[in-house]
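Summary of structural features
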Amino acid sequence: MANQGNEACASFPQIKHKTKGNMKMKTKAVRLYGTEDLRLEEFELPAIKEDEILAHVVSDSVCMSTYKAALQGAAHKRVPNDVAENPVIVGHEFCGEIVAVGAKWADQFKPGDKFSIQPAINYKGSLAAPGYSYQYIGGDATYIIIPNEVMEMNCLLPYNNEAFFYGSLAEPVSCIIGGFHAQYHTRPGVYVHDMGIVEGGCMAMLASAGPMGLGAIDYAIHNDRKPSVIVVTDIDDARLKRASEVLTVEDAAANGVKLYYVNTNNYEDPIAYLMSLTGGKGFDDVYVYAPVRPVVEMGNKLLGRDGCLNFFAGPTKTDFSAEFNFYNVHYASTHIVGTSGGNTDDMRESIAMMNDGRMNPAMMITHVGGLNAVRDTVLNLPNIKGGKKLIYTNIDMPLVALDDLSKLGENDPMLAELGRLVAKHNGLWNAEAEKYLLANAKAI
């Protein structure tokens, strides 16, 4: 069976899907063997079973959760205890195309279909997930075998966008959406929780000028259910400036939202200033996008009556804690929630919003690279400034910051053209740049 897929993949003359019957296929993948032990290797995939699907991965975005898994090795809840003997492929934010389909799923999927995957499959209560737990499926690979449980749980999602990278961002965006759906508020005297943010309310997004925070601002402005006031805080002027350029106050106003960007370091009493933006009543919904104790405690102080604090950013320390005002819990009905990932419906919503053009999470991406860059990128992720690191799994290319493309392009025509295409789109990664990169980069 030969399948060239879409134009972007077909532009790779080196990549040809050759599968016939149960013919085996080699893959190149980054595998985890243990604590900080990641290896880029080539190995043979077994022939697919009748309930499995062979797929070609095109893009994967690197998540901090992959860094945590690499840091903890077998101690991680999703990583198998025998990972040293049976290494797993890392990466769980990926997008690609189907190559061959086992008989069980032939009526639902076909070769050439693009797909994205919800990794939190929750199969029979297990924590096992692609990118953490499986030998033959993960985002940082050229070819993978999608196991039966992914399809059984409806986690293999059709994807029809022109660009693959949006499919890689669907999972992190679904986490953002899940954080909005998990919010709840109470009704006085009635034991009922109303799920979601307060429509027309006041929202604070703390430490949210990073990649996930930007996605959350985008969603909050362009979703059907939105607040009337959004206050975005950070302590980095450059990040706030960039956020204000890609998510403008004017666009927010056109969507019925008053948007404020605030560097809290510029105020002697930042709590008082932020509260003043709500008329003194406090915030209905507060999001904390950094696992930093003072930020959590600031969020607590900003809550108005029945305010809900969402602790979004997962800490690496198991004993992380912060003070919370329990007087207000009792008398003002303040409360807290935490979310880790989104569900399949959240991911479908993220894909739909991207396909409709209501969200553009390209603003989350600050670096691009090839499969050869994965190991060092993952292990050094906390030290690499910027947002999401996007990997194209079939190319050999060092990790490059989008801001550096033009400078590096002085000695590299390909990077120069990528720099031009990124500049053309207000500094954002885009479908044109992806298509050009796939057609011109060195194959791995």
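The following paragraphs examine the structure supplied in this document. (Residues numbered from 1 in each chain as written. Predicted model: local features only at pLDDT ≥ 70, side-chain atom pairs only at ≥ 80, totals over all residues. Heavy atoms only, no water.)

Turning our eyes to something else, we now look at the packing of aromatic side chains. Evaluated as defined, the whole model comprises eleven aromatic pairs. Measuring from centroid to centroid gives 6.4 Å for Phe94 and Phe115, while their planes differ by 80 degrees, and the two rings are edge-to-face. Taken together, the positions of Phe94 in strand 7 (residues 94-101) and Phe115 in strand 8 (residues 114-117) put the pair 21 residues apart, joining distant regions of the chain. Phe115 shares its class with Phe94; the two are buried. Ring pairs connect the aromatic residues Phe180, Tyr219, Tyr287, Tyr289 and Phe312, which therefore count as one cluster. The cationic tip of Arg39 hangs over the ring face of Tyr33; the distance from NZ or CZ to the ring centre is 3.7 Å. The lysine or arginine in question, Arg78, covers the ring of Tyr132, its NZ or CZ lying 5.7 Å from the ring centre. (Phe/Tyr/Trp six-rings, centres within 6.5 Å; stacked < 30°, edge-to-face > 60°. Helix = DSSP H or I, 4+ residues; strand = E, 2+ residues; numbered from the N terminus. Buried < 20%, exposed > 50% of the residue type's maximum accessible area, 1.4 Å probe, protein only. Lys NZ or Arg CZ within 6 Å of the ring centre and 35° of its normal.)

The strand order 15-14-13-16-17-18 describes an open sheet built from six strands, whose pairing is parallel. Single-partner strands in this sheet number two, and they are strand 15 (258-263) and strand 18 (335-338). Within this sheet the neighbouring strands show an average axis-to-axis angle of 20 degrees, counted without direction. Of the strand pairs in this sheet, strand 14 (residues 229-234) and strand 15 are connected by six bridges, and their pairing is parallel. If you follow Val232 over to strand 15, its bridge partner there is Tyr261. (Pairing = 2+ DSSP bridges. Axes fitted to C-alpha atoms, helices over the stretch in contact; angles between N-to-C directions.)

What follows deals with the nonpolar core. Core analysis: the largest hydrophobic core is formed by 63 residues, its most contacted members being Phe165, Phe180, Tyr392, Met397, Trp429 and Leu437. By residue number, the principal contributor to this core is helix 4 (residues 164-182), which donates ten residues. In this structure, Met25, Ile53, Ala141 and Ile145 belong to the second largest nonpolar core, which totals 30 residues. (Core = buried A, V, L, I, M, F, W, Y, C linked by side-chain atoms within 4.5 Å.)

The next subject is the pairing of strand 4 (residues 37-45). With nine bridges connecting them, strand 3 (residues 25-34) and strand 4 associate as antiparallel partners. Bridge assignment links Leu32 to a residue of strand 4, and that residue is Leu38. Where strand 3 folds back onto strand 4 in an antiparallel hairpin, the turn is made up of two residues, including Glu36, whose phi is positive at roughly 55 degrees.

To continue, consider the environment of Asp140. For Asp140, the position within the fold is in the loop between strand 8 and strand 9 (143-146). Accessibility expressed as a relative area gives 2% for Asp140, which makes it buried. Each C-alpha atom of the pair Asp140 and Leu40 lies 9.2 Å from the other, and the pair is 100 residues apart in sequence.

Moving on to helix 15 (residues 431-440). Taken residue by residue, helix 15 has Ala433, Glu434, Leu437 and Leu438 as its buried positions. With its buried residues spanning 130 degrees around the axis, helix 15 presents them on a single face. Measuring from the backbone nitrogen of Glu432 back to the side-chain oxygen at the start of helix 15 gives 3.1 Å, which picks out Asn430 as the cap. (Arc of directions from axis to C-beta. Polar contact = N/O pair within 3.5 Å; in protein donor to acceptor, adjacent residues only side chain to side chain.)

What follows deals with the packing of helix 4 against helix 11 (residues 344-355). One can describe the packing of helix 4 onto helix 11 by two numbers: an axis separation of 7 Å at closest approach and a directional angle of 120 degrees. With respect to helix 11, the element helix 4 is oriented oblique. The element helix 4 and its partner helix 11 pack so that their crossing is right-handed. Residues Tyr166, Leu169, Ala170, Glu171, Val173, Ser174, Ile177, Gly178 and His181 of helix 4 form the contact with helix 11, whose participating residues are Asp346, Met347, Glu349, Ser350, Ile351 and Met354. Taken together, the residues of the contact of helix 4 with helix 11 sort by class into eight nonpolar, four polar and three charged. (Parallel < 35°, antiparallel > 145°, perpendicular 65-115°, else oblique. Left-handed = near helix turned anticlockwise from the far one by under 90°. Contact = heavy atoms within 4.5 Å. Nonpolar A, V, L, I, M, F, W, Y, C, P; charged D, E, K, R; others polar.)

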